[in-house]
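What follows is each chain in one-letter form.
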Amino acid sequence: MAVKKIHAAKLARLGARVRVIQGMNRLVGVVVGASVGFVVVASAVPQHRELVKLEEKLEEARTLEEHVLAERERMRVEHRALREDPEFLETQARDRLDYCREGERVLRMQRER
């Protein structure tokens, strides 16, 4: 009977040690997992910043493209009008050469550019 008590006491201590080791293993697993997660997030932050910068550049390029296309369309319309509309051609020539007819009033307006 004494042998069984000693054997049971050793088993109880061994079980306690196993539970402590299992708890430590869980803790180490959580710490390693958190460390890996932190490394992944930390390595993604510079890439995200670069992505934001590239998206801003893309938006600026699109805005510039819209302005250039609008200017191109305006110039295309003006070119067609110069070729096909004699009144427009006369108006443009008189404006550039600063001519006006007798008795005619000319009002000049400044465009915002």
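We now turn to the structure provided with this report. What you are looking at is a predicted structure, and each value in this text was computed from that prediction instead of being measured. (Residues numbered from 1 in each chain as written. Predicted model: local features only at pLDDT ≥ 70, side-chain atom pairs only at ≥ 80, totals over all residues. Heavy atoms only, no water.)

A separate point is the overall build of the chain. For the chain, the count of helices and strands is 2 helices and 0 strands. The C-alpha atoms of the chain give 42 Å as radius of gyration, which overshoots the globular expectation for 113 residues (13 Å, by more than 25%). The principal-axis extent of the C-alpha atoms belonging to the chain is close to 135 × 25 × 15 Å. The 113 residues of the chain split such that 1% are buried. If you sum the accessible surface of the chain, you get close to 11300 Å²; carbon and sulfur atoms cover 61% of it. Each charge sign in the chain was given a centre, from 23 positive and 19 negative side chains, and these centres are 28 Å apart. (Helix = DSSP H or I, 4+ residues; strand = E, 2+ residues; numbered from the N terminus. Rg over C-alpha atoms; globule rule 2.2 N^0.38 Å. Buried < 20%, exposed > 50% of the residue type's maximum accessible area, 1.4 Å probe, protein only. Areas by Shrake-Rupley, 256 points an atom, 1.4 Å probe, with all protein chains shown as cover. Lys, Arg positive; Asp, Glu negative; His and termini not counted. Charge placed at Lys NZ, Arg CZ, Asp CG, Glu CD.)

What follows is about the pattern of salt bridges. It is possible for side chains bearing opposite charge to pair when their charged atoms get close. A complete count under the given rule lists 8 salt bridges for this structure. Here Glu73 and Arg76 are joined by a salt bridge, their closest N and O atoms 2.7 Å apart. Of the two residues, Glu73 and Arg76 both sit in helix H1 (residues 2-84), 3 residues apart, roughly one turn of that helix. Owing to a relative accessible area of 36%, Glu73 belongs among the partly exposed residues under this scheme. Take Arg76: its relative accessible area is 42%, and that puts it in the partly exposed class. Among the salt bridges present, the one from Glu84 reaches Arg83, with a minimum N-O distance of 4.0 Å. (Salt bridge = Lys/Arg side-chain N within 4 Å of Asp/Glu carboxyl O.)

With phi around 65°, Asp98 is a residue other than glycine that occupies positive phi space. Note that Asp98 resides in the segment after helix H2 (86-97). Taking relative accessible area as the criterion, Asp98 reaches 56% and is therefore assigned exposed.

This brings us to a negative patch on the surface. On the surface, a cluster of negative charge is contributed by Glu55, Glu56, Glu59, Glu60, Glu65 and Glu66. Within the fold, Glu66 resides in helix H1. By relative accessible area, Glu66 is classed as exposed at 57%. (Patch = residues over 30% accessible without salt bridge, like charges linked within 9 Å, V, L, I, M, F, W, Y side chains within 5 Å.)

Turning our attention to a nonpolar patch on the surface. A cluster of nonpolar side chains, Val20, Met24, Leu27 and Val31, forms an exposed patch at the surface whose accessible area comes to about 380 Å². The residue Val31 is located in helix H1 in this model.

Compared with an ideal rise of 1.5 Å per residue, which puts 12 residues at 16 Å, H2 spans 16 Å between its outermost C-alpha atoms and is within 8% of the ideal. Taken from the residues just after H2, Asp98 is the one with a positive phi, measuring 65°. (Expected span 1.5 Å × (residues − 1).)

This brings us to the environment of Ser43. Along the polypeptide, Ser43 turns up in helix H1. C-alpha of Ser43 to C-alpha of Phe88: the two residues are 45 residues apart in sequence and 62 Å apart in space. For Ser43, the side chain forms a polar contact with the main-chain oxygen of Val40, separated by 2.9 Å. (Polar contact = N/O pair within 3.5 Å; in protein donor to acceptor, adjacent residues only side chain to side chain.)

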